[in-house]
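# Close look at the chain arrangement
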Amino acid sequence: MVEAALRGVLRDALRVVESQGGLPGEHHFYITFETTRPGVVLPDRLRAQHPQDMTIVLQNQFWDLKVFDDALEVTLSFNRKRERLRVPFAAVTAFADPHASFGLQFQTESGTDLDDMDDSGAAEWDALMGDGETNDEQGQPDSAAQTDADGANVIALDAFRKKQ
């Protein structure tokens, strides 16, 4: 019941963004999801680059956000090519708005959990949530932020993944 309620927070936050047509001010959302979960729809080239999980950023360059009871759909730019993604809420493992210092970590069938993070993963989570050093004016954590060819931020959350 708790997991369902927390996923409801994610869904409701996205519905606000959907109805307003964007995020207010400096708010931006990081959404991490398992790419192997049933119902995840993304282009084969992105699935090949992210065989286990992927983090998307909703900030300035996203289009046509649609929020359903069980999933979100959004168009994002990857290397200057717009791609449509569908992400079931059951596939989401993390949701954060660093501007609001807010984040949620979700249990999935594969069992990701904040308690299973090593010390470096916990440090990156703290940095993502605004408790760490940053490397730019948008408050991106040093160890997590990169910029792709479009100038868009790409966030690496490898430290959050369960070590196998």
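Residues numbered from 1 in each chain as written. Predicted model: local features only at pLDDT ≥ 70, side-chain atom pairs only at ≥ 80, totals over all residues. Heavy atoms only, no water.

## Remarks on the pattern of salt bridges
For the structure on display, the rule yields ten salt bridges. Note that Arg7 is salt-bridged to Glu3, the shortest N-O span being 3.7 Å. Within this pair, Arg7 and its partner Glu3 are both found in helix α1 (residues 2–20), separated by four residues, close to a single helical turn. By relative accessible area, which is 11% here, Arg7 ends up buried. For Asp70, the salt bridge is made with Arg86, and the minimal N-O distance between the two is 3.5 Å. Placement of the pair is Asp70 in the loop between β3 (62–67) and β4 (71–78) and Arg86 in strand β5 (residues 81–88), with a sequence separation of 16 residues. Given the relative accessible area of 23%, Arg86 is considered partly exposed. One network of salt bridges, in which partners are shared, links Asp64, Lys66, Asp70, Glu73, Arg84 and Arg86. (Salt bridge = Lys/Arg side-chain N within 4 Å of Asp/Glu carboxyl O. Helix = DSSP H or I, 4+ residues; strand = E, 2+ residues; numbered from the N terminus. Buried < 20%, exposed > 50% of the residue type's maximum accessible area, 1.4 Å probe, protein only.)

## Here's the deal with the environment of Phe29
Along the chain, Phe29 falls in strand β1 (residues 29–34). Assessed through its relative accessible area of 6%, Phe29 is described here as buried. The spacing of Phe29 and Ala96 is 67 residues in sequence and 5.6 Å in space, taken between C-alpha atoms. Discounting chain neighbours no more than four positions away, the residues touching Phe29 are Ala13, Leu14, Val17, Leu23, Ile56, Val57, Leu58, Phe95, Ala96 and Asp97. (Contact = heavy atoms within 4.5 Å.)

## Digging into the sheet that holds strand β6 (residues 92–97)
In space, the four strands of this open sheet follow the order β2-β1-β6-β7, with antiparallel pairing throughout. Since the sheet does not close on itself, it has two edges, and those belong to β2 (53–58) and β7 (102–105), each with one partner. For this sheet, the mean inter-axis angle between neighbouring strands, taken without regard to orientation, is 10 degrees. Bridge count for β1 against β6 is four bridges, and the pairing is antiparallel. Within the sheet, the bridge partner assigned to Tyr30 lies in β6 and is Ala96. (Pairing = 2+ DSSP bridges. Axes fitted to C-alpha atoms, helices over the stretch in contact; angles between N-to-C directions.)

Fair warning: the whole summary comes from geometry, so function is off the table for now.
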